[in-house]
Amino acid sequence: VGYGVARARRRARAGGDDAGDVDDAPRATKTDDDAPKKRPIVVYMDGCFDTMHYGHANALRQARACGDKLLVGVVNDAEIRRCKGPPVCDERERVEAVEACKWVDGVITDVPYEVTDAFTDELFAKHEVDYVIHGDDPCLLPDGSDAYAYPKRIGRYKEIKRTEGVSTTDIVGRLLRMGARAAGEAVKEEEAKEATFCTTSARIAQFGTNAGVPTDAKVVYVHGAFDVFNRGHIDLLRQAKTRGDFVLVGVHADAEVRARRGAEHPVLNEKERALSVLACRYADEVVIGAPAMITNDLLTTFNVKVVIAEDDEPYAVGGVDVNALAVERGLYERVPRRHDCSVLGVAKRIMENRAEFEARNARKTKSESAYYAEKKHVAES
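Below is a summary of the structure that appears in this document. (Residues numbered from 1 in each chain as written. Predicted model: local features only at pLDDT ≥ 70, side-chain atom pairs only at ≥ 80, totals over all residues. Heavy atoms only, no water.)

1. Here's the deal with the overall build of the chain
Point 1. Summing up its helical and strand segments, the chain has 15 helices and 11 strands in all.
Point 2. Burial statistics for the chain: of 381 residues in total, 48% are counted as buried.
Point 3. On the chain, roughly 19,200 Å² of surface is accessible, and the fraction owed to carbon and sulfur atoms is 50%. (Helix = DSSP H or I, 4+ residues; strand = E, 2+ residues; numbered from the N terminus. Buried < 20%, exposed > 50% of the residue type's maximum accessible area, 1.4 Å probe, protein only. Areas by Shrake-Rupley, 256 points an atom, 1.4 Å probe, with all protein chains shown as cover.)

2. Some words on the packing of helix α4 (residues 91-99) against helix α9 (residues 231-241)
Point 1. Orientation of α4 relative to α9, taken along the N-to-C sense of each, is 45°, at an axis distance of 10 Å. Considering their axes alone, α4 and α9 lie oblique with respect to each other. Judged by the twist between their axes, the crossing of α4 over α9 is left-handed. Between α4 and α9, the contacting residues are R92, E93, E96 and A97 on the first element and R231, I234 and R238 on the second.
Point 2. Its residues placed into classes, the contact of α4 with α9 shows 2 nonpolar, no polar and 5 charged. (Axes fitted to C-alpha atoms, helices over the stretch in contact; angles between N-to-C directions. Parallel < 35°, antiparallel > 145°, perpendicular 65-115°, else oblique. Left-handed = near helix turned anticlockwise from the far one by under 90°. Contact = heavy atoms within 4.5 Å. Nonpolar A, V, L, I, M, F, W, Y, C, P; charged D, E, K, R; others polar.)

3. Thoughts on the pairing of strand β1 (residues 42-47)
Point 1. Most of β1 is tucked away, with 6 of its 6 residues classed as buried.
Point 2. With 6 bridges connecting them, β1 and strand β2 (residues 69-75) associate as parallel partners. Residue pairing in the sheet places V42 in a bridge with K69 of β2.
Point 3. Of the crossover connections in this fold, the one passing from β1 over helix α2 (residues 54-65) to the parallel β2 is right-handed. (Pairing = 2+ DSSP bridges. Right-handed = clockwise from strand over helix to strand, strands pointing away.)

4. Some thoughts on the packing of helix α7 (residues 168-182) against helix α14 (residues 343-352)
Describing two packed helices takes the angle between their axes plus the distance from one axis to the other.
Point 1. Interhelical geometry of α7 versus α14 gives an angle of 95° and a closest axis separation of 9 Å. By the angle class used here, α7 and α14 are roughly perpendicular. On α14, the residues that touch V172, L175, L176, M178, G179 and A180 of α7 are V343, L344, V346, A347, I350 and M351.
Point 2. Each residue belonging to the contact of α7 with α14 can be placed in one class, and the counts come to 11 nonpolar, 1 polar and no charged.

5. Side note on the nonpolar core
Generally speaking, a soluble globular protein has its nonpolar side chains buried in company with each other.
Point 1. Ranked by size, the top nonpolar core spans 62 residues in total, and within it L60, L175, V222, F226, L237, V249 and V277 carry the most contacts.
Point 2. Those residues within four positions of L237 in sequence are excluded, and the remaining contacts are V222, F226, F229, V247, V249, V277, C280, Y282 and A283.
Point 3. Residues L71, V129, Y150 and Y157 belong to the second largest nonpolar core, which totals 18 residues. (Core = buried A, V, L, I, M, F, W, Y, C linked by side-chain atoms within 4.5 Å.)

6. Side note on the side chain of H56
Point 1. Considering the arrangement of structural elements, one finds H56 in helix α2.
Point 2. Excluding its chain neighbours within four sequence positions, the residues that come into contact with H56 are F49, D50, T51 and T168.

7. Let's talk about the state of the cysteines
Point 1. Tallying each qualifying case throughout the model produces 0 disulfides.
Point 2. The structure places no disulfide on C83, whose sulfur is separated from the nearest cysteine sulfur, that of C48, by 8.3 Å.
Point 3. In this structure C83 comes out as partly exposed when scored by relative accessible area, which is 29%.
Point 4. Lacking any disulfide linkage, C101 is separated from the closest cysteine sulfur, that of C280, by 8.5 Å. (Disulfide = S-S within 2.5 Å.)

8. Focus: the sheet that holds strand β9 (residues 304-309)
Where strands meet in a sheet, backbone hydrogen bonds hold them as pairs that are either parallel or antiparallel.
Point 1. Strand order in the open sheet made by the 4 strands is β8-β7-β6-β9, with parallel pairing throughout. Pairing within the sheet leaves two strands with one partner each, and these edge strands are β8 (285-290) and β9. Mean inter-strand twist for the sheet, computed between neighbouring axes without regard to direction, equals 20°.
Point 2. Pairing geometry for strand β6 (residues 219-224) and β9, over 5 bridges, is parallel. Across the sheet, Y221 pairs through a bridge with V307, a residue of β9.

9. A closer look at the sheet that holds strand β4 (residues 131-135)
Point 1. Strand order in the open sheet formed by 5 strands is β3-β2-β1-β4-β5, with parallel pairing between adjacent strands. Two strands bound the open sheet, and with one partner strand each, they are β3 (106-111) and β5 (157-160). Mean inter-strand twist for the sheet, computed between neighbouring axes without regard to direction, equals 30°.
Point 2. With respect to the sheet, α2 is in contact with β1, β2, β4 and β5, its orientation differing from that of β2 by roughly 140°.
Point 3. Strand contacts of helix α5 (residues 117-126): β1, β3 and β4, with the helix running at about 145° to β1, the strand carrying the most contacts.

In structure tokens:
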């Protein structure tokens, strides 16, 4: 019995002035709003994120699953040159790529390559980081010690699974071969890799969304190769997002890209390219292996209202502009290409520092082989 009711009954039994009156007024009770707010768990992961690919994105996805807020540190250019050699992409490009990843809540720039105890303490105090995250591949300092020994020792370290079959080393190797062939050199076929990326339905679901195209959305369709995903692609998708509510991206099939650009293309296959696009916060959905030609069926199925192509220059199949139907229906918009980051342009950067990249790749290939030789199963977040 509530306190007010009990008091009234006692007075009634005692014949008090308010006998017979029952105090039924509601009493204040604690609610969920009164409970102290739980501070979000902040996790931190850092890296170079050079030629950012779906392996990086999957690491960030797993890291985000370890907490409520993910902060990402991007190592500066000078530190990369000092410790590894020249980066393919400069710091501005790498920061922009990380910022565009949909699992990232904030970016810390200009971080050191070596994770010192002092820097880790700064993460804990200044940025309120709860846990430092890294993959299951070993990360050693120049003296051979574990770069993450300190957060491990104090119980503020969490480990995630490295994505099999992809690395910056692997992509740089592919681009080195492309650049050499473009220069007219005879190039050996790619040697068998220690691991091959296996696209599963679960992986696509992890990167994608369960939501379909909203019936009342203004759907913007963007299509192209999206090979070696870069700031040019990010800017294109960002612009597309301003044209509507839902950005649908058509990632051209490997055969389409090869027919248009040559036998050395694409560097990444259509599933690898699709995952990189899906990780971008400006893309809502992807059509994997999309045809180059815009068709009535595609426009109708997805209720497309605006069409934007990857390139400004005309693109024809069998002498017909692939965007002709969109142009005819008044759906096509030309979007300025503000960053020229073609695959061949990226390959050219690598070829300009060829000796350094080849030497670095030789070292990294040995360390990756050692990793795969000792690899043990790690459950993925």
